[in-house]
Structure formats: C-alpha cells, structure tokens
Amino acid sequence: MTTTSVPEFQHRTVLLDEAVDALALDGARADGVYVDGTFGRGGHSRLILSKLGAKARLIAFDKDLQAIATAEQITDPRFTIVHDSFATMHAALAERGVAQADGILLDLGISSPQVDDAARGFSFRNDGPLDMRMDTTRGMSAAEWLATETEQTLEKVIKEYGEERFAFQIAKAIVARRAVEPISTTRQLAGIVAGAVKTREKGKDPATRTFQAIRIFINKELEDLEIGLTQAWNSLAPGGIIAIISFHSLEDRMVKRFFASKANVEQPDRRLPIRAVDLPQPELKLLAKFKPSDAEIAANPRARSAVMRVARRLPFSAPGAVKGAA
C-alpha cells in the first residue's frame, strides 16, 4: 500500500469521551469486536484501545492516505486499519474473520488536518489547488469536475448538498468564469461565490455552503452514508451499540430516519386477533442524543454543529457475546 507523510496539523476529536463512553466498553464487552468507521487522526480509536481487554479487536476504516499513515503508526496487535470507506464494512470485516461487531462508531465529515492543509483544497480560507478528494488516489478532483459539469448539475449539487439559496447564481458565475480561465484554486472559487451571493449570513463566509456541497459530492459522502448505514446494521451483533456523529443536517437527517425505521415498527390493526407475542417488534432501541458542551465548543468552534445519536440493536445478546472474533 502506498502511504504518505503526515503534516503537522492540530486535530481535536469531537465528542471524544461521550462517543467512547457510549460504546459501553466495560465488563465482558471489553473483550468484544469494535469498528471505528472513520479513523481520521485516531482520537476515538486510541481511546477505545485504552479501554479494551486483551482479547478485543478494533478495526478502523479511512479513505484518506494521511489518515492511513497515522493509523499505521499504531503497533497494537488488537488494531487493524482498512484503506477504504466504511461503506465496504460488511465485506471487509468478513475478510478479516469477523461476522459481527459489538460496537460501531462513525464520526462523519472532515477532520481539521484536512481543512487546515491548503494543499488538500478543502478550505476557502487558504489558497491551494482545488482538489477536495479524501482519497487522492481515486476519482475526479473538484477542479476537474467544475471544468466539465453542466450548469444545471452544478446548480442542483450546490442547492441540494449545500442548501444554498443562491445556487442558480453561483452555478451561472462558475460557467461564465471557466469560459475565460480554468478554475483551479480555492481562492478563485471563493471569489466567484462571493461575487454571486447577494446577502451574507452573519459570521459565515459566503463560500461555506458551496465548498461543503462540492466536497460532499466529490467524495460521495451521502451515498457512502446511505450504503454504510445498511452495512453497519448488517455488521452489528444483537445487543451491539452504534454511535454516529454528524456535522450537518443532511447527514443527521439520514441517520435519524434510519434509526427510526428500525425503532418504530408499524403495527397491524388492533382489531385483528394477533397475540402480543406475535406482534412485530422493534429491532433497535434509541439510547441517547448528544451535542458538544459549551466548553467544548469554546475550545473547538468546529464542534458547534456536531450531533451524536446512539442506539442499541435488539434483541439483547448475552453480555460480551462476540461472533467471528477470531
């Protein structure tokens, strides 16, 4: 596997203690199998490992080569890193002898080192190449996409993924500018958006929503989440816990609806002669919803939009039951 060096950028893991505590890594569960679906810079993974027993396993996923390079510095034999999306979870676990996991954590979105590294092209605050790919070995860069996409699709992506009300004006401005010169840097794109947005949200750069939309589209983040939720569900053992941290409304809405589809089971007409024991039963129990504390937001403003939802799969299995933990 080709790896890359890891630039020195500070990263603060959002809801670190709350997420790891939600997995309930105590008692017999400490020797279970766990999944960190988004390794990032390893904040959650390292804390999980510190709480696990000697027989436990932790399998982490990430698409970012810099994240993989960081993960490969962990020499703990209980730890495995997979260079791929968590959307491949079920098959990837099976390849490693794991049929079911006792706990799954997904920390969605983008990490601070990715944002702060101008060379990655995620941020409008520092000028850099307009790339935005989490996995730079695959797919089309943002610059390549902007150079070839139709105005109608540009508008649709910016409107739907960025929830941007000036999507039409921004798409039109992008097409007009690319006819004159290639749009290849973050500063170019931010300037185009600033000229097209008529009113600005207080405390928010006008390019925020457009950059979010393009990043989500380029990396297929919502598609990965849709597939990944099903993959995680198919990988979660009875009694297993799943915790998901979202950073914008589109993600959180998908997580909320998926959990609700498993927790709220449609019941037949009460007038039908069906015994209570034969009624459809919920498959999942909603446990908690967390948001960062005021203190965490003050220390890390990027945490302000985070929401974590936690649920347990039903029916409960025997404590610590692990299948395929070879």
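As shown above, the structure is provided for reference.
How each quantity is defined
- Residues numbered from 1 in each chain as written.
- Predicted model: local features only at pLDDT ≥ 70, side-chain atom pairs only at ≥ 80, totals over all residues.
- Heavy atoms only, no water.
- Core = buried A, V, L, I, M, F, W, Y, C linked by side-chain atoms within 4.5 Å.
- Buried < 20%, exposed > 50% of the residue type's maximum accessible area, 1.4 Å probe, protein only.
- Helix = DSSP H or I, 4+ residues; strand = E, 2+ residues; numbered from the N terminus.
- Contact = heavy atoms within 4.5 Å.
- Pairing = 2+ DSSP bridges.
- Axes fitted to C-alpha atoms, helices over the stretch in contact; angles between N-to-C directions.
- Parallel < 35°, antiparallel > 145°, perpendicular 65-115°, else oblique.
- Left-handed = near helix turned anticlockwise from the far one by under 90°.
- Nonpolar A, V, L, I, M, F, W, Y, C, P; charged D, E, K, R; others polar.
- 1 Å grid on protein atoms, 1.4 Å probe; cavity = no way out; pocket = protein on both sides within 12 Å on 5 of 7 lines; lining within 4 Å.
- Points joined across faces, edges and corners; volume = space filled by probe spheres on them.
- Expected span 1.5 Å × (residues − 1).

Asks: Looking at this structure, I do not really get the nonpolar core. What am I missing?
Replies: Side chains of a nonpolar character, in soluble globular proteins, are inclined to be buried together. L130, L146, I170, I174, L189, F211 and I214 are the most contacted members of the largest nonpolar core, which has 33 residues in total. Of all the secondary-structure elements, those providing two or more residues to this core are α6 (142-148), α7 (151-162), α8 (167-178), α9 (186-196) and α10 (208-218). Dropping the residues within four chain positions of it, L130 is found in contact with G121, S141, A142, A143, L146, I183, S184, T185, T186, L189 and F211. Formed by 31 residues, the second largest nonpolar core is a distinct cluster that contains L52, I68, A71 and F247.

Asks: Whenever I open this one, the sheet that holds strand β4 (residues 101-107) confuses me. Can you help?
Replies: Backbone-to-backbone hydrogen bonds join strands into a sheet, with any given pair of strands oriented parallel or antiparallel. On the basis of which strands lie adjacent, the open sheet formed by seven strands has the order β3-β2-β1-β4-β5-β7-β6 and mixed pairing. Unpaired on one side and paired on the other, β3 (79-83) and β6 (284-290) mark the two borders of the sheet. Taken over all neighbouring pairs, the strand axes of this sheet differ in orientation by 15° on average, direction set aside. Of the strand pairs in this sheet, β4 and strand β5 (residues 236-246) are connected by six bridges, and their pairing is parallel.

Asks: Explanation requested: the side chain of S45 in the structure shown.
Replies: Among the structural elements, S45 can be located in helix α2 (residues 43-51). Filtering out sequence-adjacent residues up to four positions away, S45 remains in contact with D36, F39, L58, A60 and F79.

Asks: Would you take a moment to explain the packing of helix α11 (residues 221-235) against helix α12 (residues 249-263) for this structure?
Replies: Describing two packed helices takes the angle between their axes plus the distance from one axis to the other. Taken N-terminus to C-terminus, the directions of α11 and α12 make an angle of 25°; their axes are 11 Å apart at the nearest point. When the axis of α11 is compared with that of α12, the two are roughly parallel. In terms of crossing hand, the pair formed by α11 and α12 is right-handed. For the pair formed by α11 and α12, the contact residues are E221, L222, L225, E226, L229, T230 and W233 on the first element and L250, E251, M254, V255, F258 and K262 on the second. A class-by-class count of the residues in the contact of α11 with α12 yields eight nonpolar, one polar and four charged.

Asks: Whenever I open this one, the layout of surface pockets confuses me. Can you help?
Replies: The gaps left among the atoms become clear once a water-sized probe is rolled over them. Size it by volume and the second largest pocket reaches roughly 320 Å³. Forming the boundary of the second largest pocket are 17 residues, of which R138, G139, I218, N219 and K220 lie nearest the centre. A class-by-class count of the residues in the lining of the second largest pocket yields six nonpolar, four polar and seven charged.

Asks: Would you mind going over α7 with me for this structure?
Replies: What sets the pattern is the α-helix's 3.6 residues per turn: residues three or four places apart point alike. The terminal C-alpha atoms of α7, which comprises twelve residues, lie 16 Å apart, in line with the 16 Å expected from a rise of 1.5 Å per residue. Looking at the packing, one finds that the buried side of α7 touches α6, α8, α10, α11 and α12. Looking at the residues trailing α7, positive phi occurs at E163, about 50°.

Asks: I tried to follow α12 on my own but got confused; where do I start?
Replies: For α12, which comprises 15 residues, the first-to-last C-alpha distance of 20 Å matches the rise-based estimate of 21 Å (1.5 Å per residue) to within 8%. All of the buried residues in α12 are L250, E251, D252, V255, F258, F259, K262 and A263.

Asks: Where do I start with unusual backbone geometry in this structure?
Replies: Trans is the prevailing form of peptide bonds, just as negative phi is the prevailing case for residues other than glycine. The omega torsion of the bond from L314 to P315 falls at -5°, within 30 degrees of zero and hence cis. Mapping P315 onto the fold places it in the segment after β7 (307-313). In this structure, M132 takes a positive phi of about 75° despite not being glycine. Secondary-structure assignment places M132 in the loop between α5 (112-116) and α6.

Asks: How should the packing of α9 against α10 be read in this particular structure?
Replies: Running from amino to carboxyl end, α9 crosses α10 at an angle of 125°, the nearest separation of the two axes being 9 Å. Of the possible angle classes, the one that applies to α9 and α10 is oblique. Viewed along their axes, α9 and α10 form a crossing whose handedness is right-handed. Contact with α9, carried on its side by T186, L189, A190 and V193, involves T210, F211 and I214 of α10 and no other residues of that element. Grouping the amino acids of the contact of α9 with α10 by side-chain chemistry returns five nonpolar, two polar and no charged.

Functional significance is not addressed by these values, which are geometric in nature.
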